[in-house]
Amino acid sequence: MSANQNGCGSTPSNGCGSAPNPTKPTDQTPAPKELHACMGLNACKGHDRFGTNDCAGMGYCATQQHVCHTLNNCRGQGGCGLYGDAAEQCRPGENDCAFQGSCATPIQAERISTMGANTGKSVWLLARELFEQRMEKAKRNVSPSPYKNGPPQKWLQTLDGGYDSCGNSGDKYCSFGFNDPAANAQEMIDKSRAELKYTLEECHCEKDKD
Amino acid sequence: MLSKFLASQPTEVTPENFSEAMQQAIEIEIATIPVYLFTYYSINRTPDQNHIGQIIKTQLLSKEKKPGVLYTQQEVDTIAKELSAKIMVFANKAGASILSVVIEEMLHMSLSSNVKQALAGKPQLVNKVPPVWPAYLPGHEPSFPINRAKLSFDQLYTFMQIESPNKLLEADKKGSPLPYTTIGQFYGFIEDCIKKYFKGAESYDSRRPQLVPKMGYYAQNDIDTLYYNKEHKPKFENAEDSGDLIHVIDQASALKALNEIVEQGEGHHGPGFKVVGGKDCVDCQRFGEGAYDDKKRSELAHFDKFNQLWCEMQQLDDEFKHYLGDDFDPKTLFINNFETNPNTADYPDIIQKVSNLTNAVSSYLYVMTEACYSAEQNTQYEIFMFGIHKSMMWILGSLCGELPNMNYIGKDGLQYQAAPTFENYVFSASSSPKAQIIDLFNIAASAYPNISYLKDRIYDLPNVPLEGYLAKSEQAILA
């Protein structure tokens, strides 16, 4: 699904800064889907990229896709992790407006934060935890994500259109011949999961720091 | 027109010439940005390891391990894997390290601009890139040439001269009225003036817009300032607490802003060059106490980052030399073949069109930053996020990545890869800079369709006027 179907503007998008260009609704106008940044972060049935998920938290992928920092069209599209400041990176999938949100969606399982309390740790696990907290506030049950650690990069690359992660420092899932990429990713995920509670506490304090 | 403050031979920084002194400081910061960026884009941070491995294997198979003894295939494979991994790590680290400095130089430009804005009025940032290369730091003693050049030992040495915490040798020979032997010392003259004359809060006009902290304008780390070690674990070049913007509202905040610039740059007590035989030499022995600029002591000051890169590149050379002899230069495996100090006007037609667009986009960064000093906070935020960040990462970065794919024959008859020249692009007042960038894009994309994918990003740029008074009524920034 393209970003334009979410009612966030035309191409080229003007994001939050200009007036919308509404078209008259018809019976065929599809109901907009809630925008979310990745697998397992959907609040509603049918709100994943394929529209086939049964309930909250089970979606297979983001309802949209954008390439990276500053290139998203709408609220909630920011994947976070690779760009942006410490406060932004503590809130993956919760950006307030277009062009914010610091990084691309979907969030591959191997992605780490580069600033703030979650530095060096999994972006998806933090996003999922924040999503579960939001659902808890809304008194909603959440089902498991199809992949418990988020969508692996290799799986994303098998989807139509492929998957392009951002940055100039190279592939996150890689080896120079002296490591097993899967073991590296698992180690990072295990550490992130073990420290998630502490990370959330630190993120909460982030906004109060000098 | 560049500042002539130091060329006018002042004897001290006073309230009367403070505005000019701060403008000079801003222009010193701006002068470093194209130099570091040029070298940054000369590095292929993620070369093809398999290709490098094959080249090394081919070379090794023609060498003797010792007289009369060739390397076995297994030895060749092992050595090629080891050496190619070293290239992969160093190339990425060199890029991350230099870019981390570029981000802090941009931060310094804004910190100096904040001080000027609070005490003297609006900073001038547009068309302040040195127009002639090699460039020289105005008033610096001794003067030394600064080139836009690809990564090399000489270029890293020049970087260290720029960031040196200690005076360079031969510094006492000229004796101009306000000589400074380090950039830190020049800031010291400004600090002295602030301490002596600008004590009261009434001297500081905090109503004038400044770029304030905690907005993420110059985030210390991102995916581009990290690299991966041999085991492909991420390593961060900048520390988070090495400094943010500072809102200058009084003497303490003004001094804090200037101190941050010096700490991140030269470091207050860094070891500097090692004098050997009457010459400034690179010291690869160790990095001292002053080498770190953040509270957790995990980030090197600029001088020491470059010192470290110089030493690691030397190690890389030595290791390759051990196996492959003097004739093979490993730097050719990851450094683009850029000419030193190229000019757009000397490029062939197609490259010239792409280079003109690149210069316009890089110049627009300064237009946008300067506009922030006339804008309220939300507009500043929009300009930064939707304009400056987007331009740096997804337009300028893409163009600078595309240019080396084009080759040309230089005046010396040799073939080079095209490089971004980072020259001032002087926008006409007849239309908005954005409209001119769009025109340049259309010309460049017609000549070189590989950049057509940038169209949406360019059309999405904020529409920032060259000067506030040139803005049309109701002109939206995001239009």
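Residues numbered from 1 in each chain as written. Chains lettered and ligands numbered in written order. Predicted model: local features only at pLDDT ≥ 70, side-chain atom pairs only at ≥ 80, totals over all residues. Heavy atoms only, no water.

Draft legend 1. Summary view of the overall build of chain B. For chain B, the helix and strand inventory stands at eleven helices and eight strands. On C-alpha atoms alone, chain B measures out to a radius of gyration of 23 Å, which is about the 23 Å that the 2.2 N^0.38 rule sets for 479 residues. Dimensions along the principal axes, computed over C-alpha positions, put chain B at roughly 80 × 55 × 40 Å. The buried share of chain B, reckoned over its 479 residues, is 60%. Taking contacts inside chain B between residues at least 6 apart in sequence as the whole, the part at least 24 apart equals 75%. Total accessible area on chain B stands at roughly 19,300 Å², and carbon and sulfur atoms take up 49% of it. Side chains of chain B give 43 positive and 60 negative charges; the mean places of these two sets differ by 2 Å. (Helix = DSSP H or I, 4+ residues; strand = E, 2+ residues; numbered from the N terminus. Rg over C-alpha atoms; globule rule 2.2 N^0.38 Å. Buried < 20%, exposed > 50% of the residue type's maximum accessible area, 1.4 Å probe, protein only. Contact = heavy atoms within 4.5 Å. Areas by Shrake-Rupley, 256 points an atom, 1.4 Å probe, with all protein chains shown as cover. Lys, Arg positive; Asp, Glu negative; His and termini not counted. Charge placed at Lys NZ, Arg CZ, Asp CG, Glu CD.)

Draft legend 2. Looking closely at the domain arrangement of chain B. All names here are of chain B. Per the domain assignment, the segments making up chain B are domain 1 (6–341) and domain 2 (342–479). For domain 1 versus domain 2, the separation of C-alpha centres amounts to 24 Å. Taking both partners together, domain 1 and domain 2 bury about 3,300 Å²; carbon and sulfur atoms supply 60% of that area. Considering only the surface of domain 1 that becomes buried against domain 2, Tyr41, Tyr217 and Glu339 emerge as the three largest contributors, covering 20% of it. Taken together, the connections running from domain 1 to domain 2 amount to zero salt bridges. The interface formed by domain 1 and domain 2 holds 16 residue pairs in polar contact (both at pLDDT 80 or more) in total. Mapped onto the side of domain 1 that touches domain 2, the elements with two or more residues apiece are helix 1 (18–41) and helix 3 (73–119). Here the residues of the side of domain 1 that touches domain 2 are counted per class, giving 19 nonpolar, twelve polar and four charged. (Domains from an automatic or database assignment. Buried area = accessible area lost by both parts, 1.4 Å probe. Salt bridge = Lys/Arg side-chain N within 4 Å of Asp/Glu carboxyl O. Polar contact = N/O pair within 3.5 Å; in protein donor to acceptor, adjacent residues only side chain to side chain. Nonpolar A, V, L, I, M, F, W, Y, C, P; charged D, E, K, R; others polar.)

Draft legend 3. Representation of empty space enclosed by the protein within the structure. Residues and elements named next belong to chain B. Counted by the stated rule, this structure contains three cavities of 30 Å³ or more. As a volume, the largest cavity reaches approximately 180 Å³. Lining the largest cavity are 19 residues, and of these Ile33, Met106, Ser362, Leu365 and Tyr366 lie nearest its centre. For the lining of the largest cavity, the secondary-structure elements that each account for two or more residues are helix 1, helix 3, helix 8 (349–372) and helix 9 (377–402). Ranked by residues supplied to the lining of the largest cavity, first place goes to helix 8 with five residues. When grouped by side-chain class, the residues that make up the lining of the largest cavity number 14 nonpolar, four polar and one charged. Two domains share the lining of the largest cavity, each providing at least three of its residues, namely domain 1 (6–341) and domain 2 (342–479). (1 Å grid on protein atoms, 1.4 Å probe; cavity = no way out; pocket = protein on both sides within 12 Å on 5 of 7 lines; lining within 4 Å. Points joined across faces, edges and corners; volume = space filled by probe spheres on them.)

Draft legend 4. Examining the side chain of Asn17(B) more closely. All names here are of chain B. Turning to its location among the elements, Asn17 is positioned in the segment before helix 1. Engagement of the side chain of Asn17 in a polar contact is seen with the backbone nitrogen of Thr14, the distance being 2.7 Å. Once you skip the residues sitting within four places of it in the chain, Asn17 turns out to touch Phe5, Pro10 and Glu12.

Draft legend 5. Structural view of the packing of helix 4 (residues 153–163) of chain B against helix 7 (residues 302–324) of chain B. Residue and element names in this part refer to chain B. Closest axis-to-axis distance for the helix 4/helix 7 pair is 8 Å, and the angle between their directions is 160 degrees. For the element pair helix 4 / helix 7, the angle class is roughly antiparallel. For helix 4 against helix 7, the interelement crossing comes out left-handed. Seen from helix 4, the contacting residues are Phe153, Leu156, Tyr157, Phe159, Met160 and Glu163; seen from helix 7, they are His302, Phe303, Phe306, Asn307, Leu309, Trp310, Met313, Gln314 and Asp317. Partitioning the contact of helix 4 with helix 7 into residue classes produces ten nonpolar, three polar and two charged. (Axes fitted to C-alpha atoms, helices over the stretch in contact; angles between N-to-C directions. Parallel < 35°, antiparallel > 145°, perpendicular 65-115°, else oblique. Left-handed = near helix turned anticlockwise from the far one by under 90°.)

Draft legend 6. Structural context of helix 2 (residues 123–137) of chain A. Residues and elements named next belong to chain A. End to end, helix 2 covers 21 Å across 15 residues, agreeing with the expected 21 Å (1.5 Å per residue, within 8%). Burial in helix 2 covers these residues: Val123, Trp124, Leu125, Leu126, Ala127, Arg128, Leu130, Phe131 and Met135. Of the residues that open helix 2, the one with a side-chain oxygen 3.4 Å from the backbone nitrogen of Trp124 is Ser122. Among the residues trailing helix 2, Lys139 stands out with phi positive, at a value near 55 degrees. (Expected span 1.5 Å × (residues − 1).)

Draft legend 7. Just the state of the cysteines, in detail. Overall, the coordinates contain two disulfides over all chains when judged by the stated rule. Put simply, Cys90(A) and Cys203(A) are joined by a disulfide, and their sulfur atoms are 2.1 Å apart. When the S-S torsion is -80 degrees, as for the bridge of Cys90(A) with Cys203(A), the disulfide is left-handed. Here Cys203(A) lies in helix 5 (residues 196–206) and Cys90(A) lies in the loop between helix 1 (86–89) and helix 2, a separation of 113 residues in the sequence. Judged on exposure class, the residue Cys90(A) and its partner Cys203(A) are both buried. Here Cys284(B) engages in a disulfide with Cys311(B); their sulfurs sit 1.9 Å apart. Taking the sign of the S-S torsion, about -90 degrees here, the bridge from Cys284(B) to Cys311(B) comes out left-handed. (Disulfide = S-S within 2.5 Å.)

Draft legend 8. Looking closely at the packing of helix 3 of chain B against helix 7 of chain B. Residues and elements named next belong to chain B. Between helix 3 and helix 7, the shortest axis-to-axis distance is 10 Å and the interhelical angle comes to 165 degrees. Viewed along their axes, helix 3 and helix 7 adopt a mutual orientation that is roughly antiparallel. At the point where helix 3 passes helix 7, the crossing takes the left-handed sense. Residues of the contact of helix 3 with helix 7, tallied by class, amount to 13 nonpolar, five polar and seven charged.

Draft legend 9. Inspection of the pattern of salt bridges at higher detail. Evaluated as defined, the whole model comprises 19 salt bridges over all chains. Here Arg128(A) and Glu132(A) are joined by a salt bridge, their closest N and O atoms 2.8 Å apart. Pair noted here: Arg128(A) and Glu132(A) are both in helix 2, with a separation of four residues, about one helical turn. For Arg128(A), a relative accessible area of 8% puts it in the buried group. The exposure class assigned to Glu132(A) is partly exposed, which follows from its relative accessible area of 33%. Close ionic contact of Lys57(B) with Asp77(B) constitutes a salt bridge, the shortest N to O distance being 3.6 Å. Of this pair, Lys57(B) sits in helix 2 (residues 49–61) while Asp77(B) sits in helix 3, placing them 20 residues apart in sequence. Here the residues in one salt-bridge network are Glu82(B), Lys86(B), Lys230(B) and Glu319(B), joined through shared partners.

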